[in-house]
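# A closer look at the structure
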Amino acid sequence: MNNIHNFFDLNGHVALVTGGNGGLGLAMAQGLVKAGAQIAVWGRNEAKNAKAVSELVAMGGRAQSFEADVTDPASTAAAFDRTINAFGKIDSCFANAGGAGARGAFVDLDRQAWLDTNELNILSVIDTFQLATRHWQERKAGGKLIVTSSVAALLGLPNSAGYCLTKSAVTGLVRSLAIELGRSDIQVNAILPGFIETEMSLNTPKAFQDGCRRRAASGKIGQLSDMEGIAVYLASKQSNFMTGQALVLDGGHSIFPL
């Protein structure tokens, strides 16, 4: 009988985390390392990549970084090849890289602004997920596809229509892929974080931050450490019967009535 303390043991597991050199991505990588996983960190900034790897190694994990621009399919494919050469395989793929995209009044956003946001938050996920899926199909192995969406996919934000649109779109992608890939033992899920304290989120107006805190059931905003457990769960075998889901991690923000 397995001891409950071994339920989330990820020894021998290799996780790929795009945008893993900071913020939510690094937080998830830290949780995965604590559970025993090896980490492939993707990011555009070599200095940030190196710093993230140093932090993960200092925690006792094995980690390696790969320079990648996920908006460039050639860069993504090259980084994936280097990842497989270094680790031999991946078992989970966290498509976390993304961003706010174009901001502004809906009527003022030109076509290129929409295309750029789609490329950043949708096409990059598709490219990364395709590479991981082909890898598992070639190995005749299962795997875990996880995308970082946002609670904004449920709530909407003014002057951020592109962000809300793209974060909603990837939850639809998750449902479709869960059905298509389920027989191949590939589970596909999305994490929808609310307001989590990061360098990016703290660069928002204080009134917005106060509103997020007020709407949370706990009266608090999220900490980076809150991302660790959900990442470990979705990478582990304990989530094998969960697929096609959009898991909200927002402290109750999205259910608050006012």
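Whatever comes next refers back to the structure up there.
Presented here is an overview of the structure given in this document.

Conventions and cut-offs
- Residues numbered from 1 in each chain as written.
- Predicted model: local features only at pLDDT ≥ 70, side-chain atom pairs only at ≥ 80, totals over all residues.
- Heavy atoms only, no water.
- Patch = residues over 30% accessible without salt bridge, like charges linked within 9 Å, V, L, I, M, F, W, Y side chains within 5 Å.
- Areas by Shrake-Rupley, 256 points an atom, 1.4 Å probe, with all protein chains shown as cover.
- Salt bridge = Lys/Arg side-chain N within 4 Å of Asp/Glu carboxyl O.
- Lys, Arg positive; Asp, Glu negative; His and termini not counted.
- Charge placed at Lys NZ, Arg CZ, Asp CG, Glu CD.
- Helix = DSSP H or I, 4+ residues; strand = E, 2+ residues; numbered from the N terminus.
- Axes fitted to C-alpha atoms, helices over the stretch in contact; angles between N-to-C directions.
- Parallel < 35°, antiparallel > 145°, perpendicular 65-115°, else oblique.
- Left-handed = near helix turned anticlockwise from the far one by under 90°.
- Contact = heavy atoms within 4.5 Å.
- Buried < 20%, exposed > 50% of the residue type's maximum accessible area, 1.4 Å probe, protein only.
- Nonpolar A, V, L, I, M, F, W, Y, C, P; charged D, E, K, R; others polar.
- Phe/Tyr/Trp six-rings, centres within 6.5 Å; stacked < 30°, edge-to-face > 60°.
- Pairing = 2+ DSSP bridges.

There is a patch of like negative charges on the surface, built from D72, D110, D116 and E119. Tracing the chain through its elements places E119 in helix α4 (residues 111-139).

In this section: the packing of helix α1 (residues 23-34) against helix α2 (residues 46-58). Viewed as axis vectors pointing N to C, α1 and α2 meet at an angle of 25 degrees, and their least axial separation amounts to 10 Å. With respect to each other, α1 and α2 are oriented roughly parallel. For the pair α1 and α2, the crossing hand works out as right-handed. The residues of α2 that touch α1, namely those facing L26, A29, Q30 and V33, are A52, E55 and L56.

Scanning all chains against the criterion turns up three salt bridges. Between K51 and E55 there is a salt bridge, with its nearest N and O atoms 2.7 Å apart. A residue pair is termed a helical-turn pair when its members lie 3 or 4 positions apart in one helix, as K51 and E55 do in helix α2 at four residues. A salt bridge links K89 to D91, with the nearest nitrogen and oxygen atoms 3.0 Å apart. Since its relative accessible area comes to 15%, D91 is described here as buried.

Take the packing of α4 against helix α6 (residues 161-181) next. Look at α4 against α6: their axes get within 9 Å of each other, and the N-to-C directions meet at 20 degrees. The orientation of α4 with respect to α6, classified from their angle, is roughly parallel. When the axes of α4 and α6 are compared, the crossing they make is right-handed. Counted together, W114, T117, N118, N121, I122, V125, I126, F129, T133 and Q137 of α4 and A161, G162, Y163, L165, T166, K167, A169, V170, L173, L177 and L181 of α6 form the full contact between these two elements. Classifying every residue of the contact of α4 with α6 by side-chain character gives 13 nonpolar, seven polar and one charged.

Here we come to the packing of aromatic side chains. Here the structure, examined in full by the defined rule, presents three aromatic pairs. Considering the side-chain rings of F7 and F8, the 6.5 Å spacing of their centres and the 70 degrees angle between planes classify their relative orientation as edge-to-face. By relative accessible area, F7 is classed as partly exposed at 33%.

For the rest of this paragraph, the subject is the environment of L157. Inspection of the secondary structure assignment puts L157 in the loop between α5 (152-155) and α6. Note on L157: relative accessible area 33%, which makes it partly exposed. The contact partners of L157, leaving out residues within four places of it in the chain, are A152, Y163, C164 and F208.

A few words on the sheet that holds strand β3 (residues 63-67). The parallel open sheet is built from seven strands, whose spatial order is β3-β2-β1-β4-β5-β6-β7. Edge strands, defined here as strands with exactly one partner in the open sheet, are β3 and β7 (245-249). On average, each strand axis in the sheet is inclined to that of its neighbour by 20 degrees, with strand direction left out of account. Sheet topology places strand β4 (residues 92-95) next to strand β5 (residues 143-148); four bridges connect them, and they run parallel. The residue of β5 that forms the bridge with F94 is I146. Contacts from α2 reach β2 (38-43) and β3 within the one sheet, and its direction differs from that of β3 by about 170 degrees.

Remember, this is a structural readout, not a statement about activity or role.
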